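Coordinates in review
Listed below are the residues making up each chain.
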Amino acid sequence: MEIERKFLIKEMPAHLEQYPFHRIEQGYLCTNPVVRVRREDDTCYLTYKGKGKMCREEYNLPLTQEAYDHLIQKTDGYRIQKTRYRIPLDTADKNPSGLTIELDLFTAPGSLVMAEVEFASEEQAAAFTPPDWFGEDVTFQKAYHNSHMSRFGIQGNS
C-alpha cells in the first residue's frame, strides 16, 4: 500500500546538492489502472498502481534493461523525466518519525518542482505538518499525478 501526500514548492531548500538523488525516466502502458515502466538510474521495473489519490495499492516488479527498452517504446503519451532528491525531514518536534521528502524536479514534458512524502499510515499522513518551504497540498488534484501528466503534460510552477 502506498500512502503519500504531494505538495508544490514555495522555495527550494538550501544546499540541494548535498542530498542523494536519482535520475528517473518513466512511461505509462496504461493509466486506468496505472501500469508504468520506470528506469531509476540503472534499475528498471514495472509498476502497477490501484485506484486512489492518497492511498492505493502499489506493486513493483523488476525488469531487465532489455525489457525496459522494449516496453518504454510501447508507452502512450509523454515520457516523464525528473531528478529526485531524497531529503530527510527534520526529526525535531514537527515530524518525529524520520520521514523523507522526495523532491522531484521535472524536466519533461515540462517544468515542475513537487515534493512527495510517503507515510506508514493514513493517520500519520493526516497528522503531517509540512515544512515552511512547502506550498499547496496537491495530493487530491488529478493534474499532479504522474500518470495524468504523461497524458496531458505538466502544469509548471517554476
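First things first, this report covers the structure right here in the doc. Once a new chain begins, its residue numbering starts again from 1 and follows that chain's sequence as written. Reporting of local features is limited, given that this is a predicted model, to residues whose pLDDT is at least 70; pairs of side-chain atoms are given and counted only at 80 or more, and all residues count toward the totals for whole chains, interfaces and linings. Derived side-chain values reflect all non-hydrogen atoms in the structure, with water molecules and hydrogen atoms excluded from consideration.

1. Digging into the pattern of salt bridges
- Here a salt bridge means any side-chain nitrogen of Lys or Arg lying within 4 Å of a carboxyl oxygen belonging to Asp or Glu. By the definition in use, this model includes 13 salt bridges.
- The shortest N-O distance in the salt bridge between E40 and R38 comes to 3.8 Å.
- Burial classes follow relative accessibility: with a 1.4 Å probe on protein chains only, a residue under 20% of its type's maximum area counts as buried, one over 50% as exposed, and anything between as partly exposed. A relative accessible area of 18% places E40 in the buried class.
- By relative accessible area, which is 6% here, R38 ends up buried.
- In this structure, E102 engages R84 in a salt bridge whose closest nitrogen and oxygen atoms are separated by 3.5 Å. With E102 in strand β8 (residues 100-108) and R84 in strand β7 (residues 76-88), this pair connects stretches of sequence that are 18 residues apart. Across this residue pair, the class does not change: E102 and R84 are buried.
- A single network of salt bridges, built from pairs that share partners, joins E4, K6, K82, R84, R86, E102, D104 and E116. In this description a helix means any DSSP run of H or I spanning at least four residues, a strand means any run of E spanning at least two, and both kinds are numbered starting from the N terminus.

2. With respect to the side chain of T139
- The topology assignment puts T139 in the loop between β10 (134-137) and α3 (146-152).
- In this structure the side chain of T139 is engaged in a polar contact, spanning 2.8 Å, whose partner is the backbone nitrogen of K6.
- Looking at T139, its side chain comes within polar contact range of the side chain of D137, at 2.6 Å.
- If sequence neighbours within four positions are ignored, T139 has contacts with E4, R5, K6, K53, M54 and H145. Nitrogen and oxygen atoms within 3.5 Å of one another constitute a polar contact, given that in protein one can donate a hydrogen and the other can accept it, and given that sequence-neighbouring residues count only through two side-chain atoms. The contact rule is simple, with two residues in contact once any of their heavy atoms fall within 4.5 Å.

3. A few points about the layout of surface pockets
- Cavities and pockets were defined on a 1 Å grid built over protein atoms only: a cavity is a set of grid points that admits a 1.4 Å probe from which the probe cannot escape, a pocket is an open set flanked by protein on both sides within 12 Å along at least five of seven lines, and lining residues are those with an atom within 4 Å of any such point. Grid points are joined across faces, edges and corners, and a volume is the space filled by probe spheres set on the points. Here the largest pocket defines a volume of roughly 310 Å³.
- Lining the largest pocket are 17 residues, and of these T31, N32, V34, K142 and S147 sit closest to its centre.
- Elements supplying a minimum of two residues to the lining of the largest pocket: β4 (43-49) and α3.
- Of the residues forming the lining of the largest pocket, the biggest block, four residues, is contributed by α3.
- Its boundaries defined by the atoms lining it, the second largest pocket holds a volume of some 240 Å³.
- Forming the boundary of the second largest pocket are 20 residues, of which E2, R36, R38, K49 and E58 lie nearest the centre.
- Among the residues forming the lining of the second largest pocket, the class breakdown is three nonpolar, four polar and 13 charged. Residue polarity follows a fixed list, in which Ala, Val, Leu, Ile, Met, Phe, Trp, Tyr, Cys and Pro are nonpolar, Asp, Glu, Lys and Arg are charged, and the others, Gly among them, are polar.

4. Focus: the nonpolar core
- Only buried residues count toward a nonpolar core. Its members are Ala, Val, Leu, Ile, Met, Phe, Trp, Tyr and Cys residues joined through side-chain atoms within 4.5 Å. Ranked by internal contacts, the top residues of the largest apolar core, which has 19 residues, are I101, L103, V117, F128 and F134.
- If you list the elements that add at least two residues to this core, you get β1 (2-9), β7, β8 and β9 (112-118).
- F134 has contacts with F7, L8, I9, K10, I101, A115, V117 and F128, leaving out every residue within four places of it along the chain.
- Formed by 12 residues, the second largest nonpolar core is a distinct cluster that contains L8, Y28, V138 and Y144.

5. Regarding helix α1 (residues 65-72)
- Those residues of α1 that sit buried are Y68, L71 and I72. Buried residues in α1, looked at end-on, bunch into an arc of 95°, giving them a common side.
- Elements in contact with the buried residues of α1: β2 (21-31), β3 (34-40), β4, β6 (58-63) and β7. Here, the arc refers to the directions that run from the helix axis to the C-beta atoms.

6. Re unusual backbone geometry
- Here the amide bond leading from N32 into P33 is cis, since omega sits at 0°, within 30 degrees of zero.
- Secondary-structure assignment places P33 in the loop between β2 and β3.
- Between A108 and the following residue, P109, the backbone shows a cis peptide bond with an omega angle of 5°.
- With respect to the helices and strands, the residue P109 is situated in the loop between β8 and β9.
- Positive phi, close to 60°, is recorded for H15, a residue that is not glycine.
- Counting through the fold element by element, H15 comes out in the loop between β1 and β2.
- Located in the positive-phi region is D41, a residue other than glycine, with phi close to 60°.
- Within the fold, D41 resides in the loop between β3 and β4.

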